Amino acid sequence: MSIFSRKSVYAQNLILELDPLAETLAKKGKRVIKLNRGDPPRFFPTPKYIIDAYVKALRGGRTYYSKAQGVAELVDAVAGRYRRMYGMDLGGQDTIITAGVSESLLFINNALINRGDRAVLFSPYYPQYIPRLMIEGGRPLFGKLSMTDDWELDVEHLSRRLRKMNGKKQVKYMMFTNPHNPTGKVFERKALQELVDLANEHGILLISDEIYDEIVYNEKKFTSIGQVARGIPHIILNGSSKNFDSTGFRIGFMIVPGSDKVSESLRKKFSQYALVRLSLNTPAEYAVAEAINNRKEHARAIRHMVGEIAKRVNFTVDMLRENPYITVTRPSGAFYVLPRLDMKRLDFKGSRDFVVSALTEKGVQMTGGYSLGAQDHFRIAALPPIDVLEEALTKINDLCIKHARK
Ligand SMILES: Cc1ncc(COP(=O)(O)O)c(C=O)c1O
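Quick notes on the rules
Each chain has its residues counted from 1, following the order in which its sequence is written. For this predicted model, a pLDDT threshold of at least 70 governs which residues receive local features, and a threshold of 80 or more governs which side-chain atom pairs are given and counted, while totals over whole chains, interfaces and linings are taken from all residues. Side-chain metrics rest on all non-hydrogen atoms present in the structure, leaving aside hydrogens and water. Secondary structure elements follow DSSP: runs of H or I of four or more residues count as helices, runs of E of two or more count as strands, with numbering from the N terminus. Helix span, as expected, comes to 1.5 Å for every residue beyond the first. Exposure categories follow from relative accessible area, calculated using a 1.4 Å probe and restricted to protein chains: below 20% of the type maximum is buried, above 50% is exposed, and the middle band is partly exposed. Think of it as the arc spanned by the lines of direction from the helix axis to the C-beta atoms. A contact between two residues is defined here by any heavy atoms of the two lying within 4.5 Å. Between N-to-C directions, angles cover 0 to 180 degrees, with each direction set by a line fitted to C-alpha atoms, over the stretch in contact for helices. Orientation is classified from the angle alone, with under 35 degrees giving roughly parallel, over 145 giving roughly antiparallel, 65 to 115 giving roughly perpendicular, and any other angle giving oblique. Handedness of a crossing follows from how the near helix is turned relative to the far one, being left-handed for an anticlockwise turn of less than a right angle and right-handed for a clockwise one. Only Asp, Glu, Lys and Arg are considered charged, only Ala, Val, Leu, Ile, Met, Phe, Trp, Tyr, Cys and Pro nonpolar, and every remaining residue, Gly among them, polar. Put plainly, a pocket is an open set of points on a 1 Å grid over the protein atoms alone with protein on both sides within 12 Å along at least five of seven lines, a cavity is a set where a 1.4 Å probe fits but cannot get out, and a lining residue has an atom within 4 Å of a point. Grid points are joined across faces, edges and corners, and a volume is the space filled by probe spheres set on the points.

Participant: Sorry, what's going on with helix α7 (residues 189-202) here?
Facilitator: Two residues of an α-helix separated by three or four positions point the same way, owing to the 3.6 residues in each turn. Given a rise of 1.5 Å per residue, 14 residues ought to cover 20 Å, and the 20 Å separating the end C-alpha atoms of α7 matches this to within 8%. Taken as a whole, α7 has its buried residues at A191, L192, L195, V196, L198 and A199. Along the long axis of α7, the arc covered by the buried residues comes to 165°, so they all point the same way. Exposed positions of α7 whose direction lies more than 90 degrees from the buried face are K190 and E201. In this fold, the buried residues of α7 make contact with β3 (118-123), β5 (151-153), α6 (155-165), β6 (171-177), β7 (205-209) and α8 (225-228). Count one or two residues on from α7 and you reach G203, which has phi positive near 65°.

Written out as structure tokens, the structure is:
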């Protein structure tokens, strides 16, 4: 008999699945280029003004337990950010600070999911949504994004699926990611409105993961769900990891803006969970408050980072478009590229076989579409400098030529 509960088998992270193999290869002296992980500070050092604020908090003795739901300085900073950027009027209770979106997902699934419940996710998806849901005994109900010249939300398909479900299972929430990981798509207001209408029609709580909301380029403009879903219960997830280039701080923002009964009880529940885990990383909270409030420094930092990301993503797309075995859309948000392989013309058994071959034969580590709900695709986190991307993309090209069906 195993000492583990049955639930524990679902707790895996497929983005990191090939890390042990990559480590073994690196130990043997092979050069490994890592394009699998969206970890900006590895390529863009966290801005100095944020580090200074962290150090100041440490030196000032802010090493104690903080208020469990988040220190007032950070909660106010987050409210100010949403007021300025999206015209939302948040009160002090509307924001709970979490240990990253990752912990927000834990709170959400724990609060909402009973065994057998469903939650709408969209494929391709950010894979970490699934284990949190399944640990609680829930299962995904997949909507889809379809790839033509760009990725589009297929609202009709989801609407049919929901009608077919016809209340047989409880669909507890609909999780949407915008800007989208892994496609890099930034969704227009019209698509968001359709989604809000559908969620409202079926009485499903809408959750929008907007962790990349300032990483938008190629002339796209971002709309927050908070601007569209006014008066309808929804949750917005965000945090310091990407926009404030500080993944290791582990600071997330969970915003529940509504004044309805559902939002009210969600806030209470999340607040209790926060109390159970006692505290956050206190100095990091002060550092992120300064990261948000020092608007001049932030504007400078984000402009630089997003400008560089746009160059790197566009370079990646341009180079991949020279590869005859690959089709790829051009992202306008986040920093991922999700190309599709022409499997009919290649001898790989699937996207896992492709990424394992890329790692073992060429030393390039990427994420296979099999872990993202995107068969025949692979994901590149286009964060390294152009010369490294060029080296990796040349190797991918060589790999495709070597594996072309004769
Ligand atoms: C869409 C999305 N949500 C959440 C996260 C994780 O966020 P955090 O670092 O705040 O836990 C990521 C990380 O890559 C992500 O891509």
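Participant: Looking at this structure, how should I read the packing of helix α4 (residues 100-112) against helix α9 (residues 261-276)?
Facilitator: The geometry of a pair of packed helices is captured by two quantities: the angle between their axes and the separation between those axes. At a minimum axis distance of 10 Å, the contact between α4 and α9 shows a crossing angle of 120°. Taken together, the axes of α4 and α9 are oblique relative to one another. Judged by the sense of rotation from one axis to the other, the crossing of α4 with α9 is right-handed. Mapping the contact onto sequence places F107, I108, N110, A111 and L112 in α4 and L266, K269, F270, Y273 and A274 in α9. Per-class residue counts for the contact of α4 with α9 are 8 nonpolar, 1 polar and 1 charged.

Participant: Any chance you could explain the layout of surface pockets here in plain terms?
Facilitator: The gaps left among the atoms become clear once a water-sized probe is rolled over them. The calculated volume of the largest pocket comes to roughly 500 Å³. R37, S102, Y126, K242 and R250 are the residues nearest the centre of the largest pocket, which is lined by 22 residues in total. Approximately 260 Å³ is the volume attributed to the second largest pocket. Taken together, 14 residues line the second largest pocket, and the ones lying closest to its centre are K67, Q69, G92, Q93 and T95. Those elements giving two or more residues to the lining of the second largest pocket turn out to be α3 (72-86), β2 (95-98) and α9. Residue contributions to the lining of the second largest pocket peak at 4 residues, all from α9. Taken together, the residues of the lining of the second largest pocket break down into 3 nonpolar, 6 polar and 5 charged.

Participant: Teacher, can you tell me more about helix α1 (residues 19-27) here?
Facilitator: Within the span of α1, buried status applies to D19, A22 and L25. Angularly, the buried residues of α1 cover 125° about the axis, an arc narrow enough to put them on a single face. Exposed residues lying more than 90 degrees from the buried face of α1 are P20 and K27. Of the surrounding elements, those touching the buried residues of α1 are β1 (33-34), α12 (351-362) and β13 (364-365). Immediately downstream of α1, the backbone of G29 shows phi near 95°, a positive value.

Keep in mind these numbers describe shape, not what the thing actually does.
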